[in-house]
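Letter by letter, the chains look like this.
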Amino acid sequence: MILSRHRRFIFFKTIKTGGTSCEIVLSRFCGPKDVITYLPPPDERLRRSLGGRPEQNNRDAFHKRLAGRLLGWERGKQKRLFDHNISAIELRAQIPDQEWHSLLKFTVARNPFDRAISKYFHDRHHNTSLAVPGSQPSKDDINEYLLTLPDRDLTNWHIYADDKVPLVDRIVRYENLSDEIASILRSLGITEEFALPRAKGAWRTNREPYRSIIGAELRQKIEAAASNELELMYYKW
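Throughout this document, residue positions are counted from 1 along each chain, in the order its sequence is written. Two thresholds apply to this predicted model, a pLDDT of at least 70 for residue-level local features and 80 or more for giving and counting side-chain atom pairs, whereas whole-chain, interface and lining totals are computed over all residues. Hydrogens and water are ignored here; the side-chain numbers use all heavy atoms of the structure.

Here the focus is the overall build of the protein. When helices and strands are tallied, the protein shows eleven helices and five strands. For each residue, the accessible area found with a 1.4 Å probe, counting protein chains only, is set against the maximum for its type, and the residue is called buried under 20%, exposed over 50%, and partly exposed in between. Expressed as a percentage of its 237 residues, the buried residues of the protein come to 48%. We call two residues in contact when some of their heavy atoms are within 4.5 Å. Pairs at least 24 apart in sequence give 67% of the contacts found in the protein among residues at least 6 apart. In this description a helix means any DSSP run of H or I spanning at least four residues, a strand means any run of E spanning at least two, and both kinds are numbered starting from the N terminus.

Below, the structure is given as structure tokens:
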């Protein structure tokens, strides 16, 4: 998440939608008092190398950290003010109403079927039990794993919406990411050219269309879990 009072926007980072790449680019245009949330060390190094600002203004004040240590809190647990995937509902409760309504709020959505495949390869990258060195996962492997996930992991609706409607002003399509981010930046008075990095694009090794990977049972599960996104963004099987 980025909360930029300097540029007058809030970017909500959804999962497996190019959100890290967007944060890297957007951080370049932020001011020193803007809130920029955490990225893992490899992504943070990439962000710095491309001229972006690192995580900033996202820590408890020193006296709160000191009090936490005296109370025996684990180091690091009490430090961050905002999670990097904080939801719109959560953030709205933590900032003044006037600020919430005055800032442009946007996020990224992706076809839930395609996103599910990306989710599998993301989890495989981080979970050695899913990966056999030198081997490609079978389609059965992908379906079996994704069928075990809770519905919440198959949609981003809870990040940018409440039970019924989106809480953001604009939803960018992953499928047209660069052009739509450029459009938003222009609306904010930013005309500088940029190139979105592929922060995690190399993790997915199977580039077959999702229709050739996802079986009938998994398709039904995704359709139920992501029904709001499918309807809102007109995504089709």
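Attention now moves to the sheet that holds strand 3 (residues 35–36). Strand pairing follows a simple DSSP-based rule, namely that at least 2 bridges must link the two strands. Spatially, five strands are ordered 3-1-2-4-5 in an open sheet, and the strand pairing comes out mixed. At either end of the open sheet lies a strand with only one pairing partner, and these are strand 3 and strand 5 (170–173). In the sheet, strand 1 (residues 2–4) pairs with strand 2 (residues 9–11) via three bridges, with the strands oriented antiparallel. Along strand 2, the bridge assignment pairs Ile2 with Phe11.

So, on to the nonpolar core. Core analysis: the biggest nonpolar cluster contains 39 residues, and Met1, Ile10, Phe12, Leu91 and Leu146 have the highest contact counts within it. For this core, the elements supplying multiple residues, two or more each, are helix 4 (88–92), helix 6 (112–126), helix 7 (139–147), helix 8 (157–160), helix 10 (216–225) and helix 11 (227–233). Top contributing element to this core by residue count: helix 6, with five residues. Other than its neighbours up to four places away in sequence, Ile10 contacts Met1, Ile2, Leu3, Leu91, Ile95, Trp100, Leu103, Leu104, Lys105 and Phe106. For the purposes of this section, nonpolar cores are sets of buried Ala, Val, Leu, Ile, Met, Phe, Trp, Tyr and Cys residues that join through side-chain atoms within 4.5 Å. Of all hydrophobic cores here, the second largest spans 19 residues; its members include Phe9, Cys30, Leu185 and Leu196.

Another point: the packing of helix 6 against helix 10. Each axis is a line fitted through C-alpha atoms, and for a helix only the stretch in contact is used; angles between axes span 0 to 180 degrees, taken between their N-to-C directions. Look at helix 6 against helix 10: their axes get within 10 Å of each other, and the N-to-C directions meet at 110°. Here helix 6 lies roughly perpendicular to helix 10, going by the angle between them. The chirality of how helix 6 crosses helix 10 is right-handed. Contact residues: helix 6 offers Pro112, Phe113 and Ala116, while helix 10 offers Arg219, Ile222 and Glu223. Only Asp, Glu, Lys and Arg are considered charged in this grouping, and only Ala, Val, Leu, Ile, Met, Phe, Trp, Tyr, Cys and Pro are considered nonpolar; every other residue, Gly among them, is considered polar. Counted by class, the contact of helix 6 with helix 10 contains four nonpolar, no polar and two charged residues. Orientation categories follow fixed angle ranges, with anything under 35 degrees roughly parallel, anything over 145 roughly antiparallel, 65 to 115 roughly perpendicular, and all other angles oblique. Helix crossings fall into two classes, left-handed where the near helix is turned counterclockwise from the far one by less than a right angle and right-handed where it is turned clockwise.

Pairing of aromatic side chains requires ring centres within 6.5 Å, counting the rings of Phe and Tyr and the six-membered ring of Trp. Pairs whose planes differ by under 30 degrees are stacked, by over 60 edge-to-face, and all others tilted. Under the defined criterion, the tally for this structure stands at nine aromatic pairs. The structure contains a cluster of three or more aromatic residues connected by ring pairs, namely Phe9, Phe11 and Phe106. Sitting over a ring, as applied to charges here, requires NZ of Lys or CZ of Arg to be within 6 Å of the ring centre and within 35 degrees of the ring normal. Note that Arg110 overlies the ring of Tyr174, its terminal NZ or CZ placed 4.1 Å from the centroid. Above the face of the Tyr235 ring, Arg173 is positioned so that its terminal group lies 5.0 Å from the ring centre.

The next subject is the side chain of Glu99. Relative to the helices and strands, Glu99 is located in helix 5 (residues 97–102). You can call Glu99 buried: its relative accessible area is 13%.

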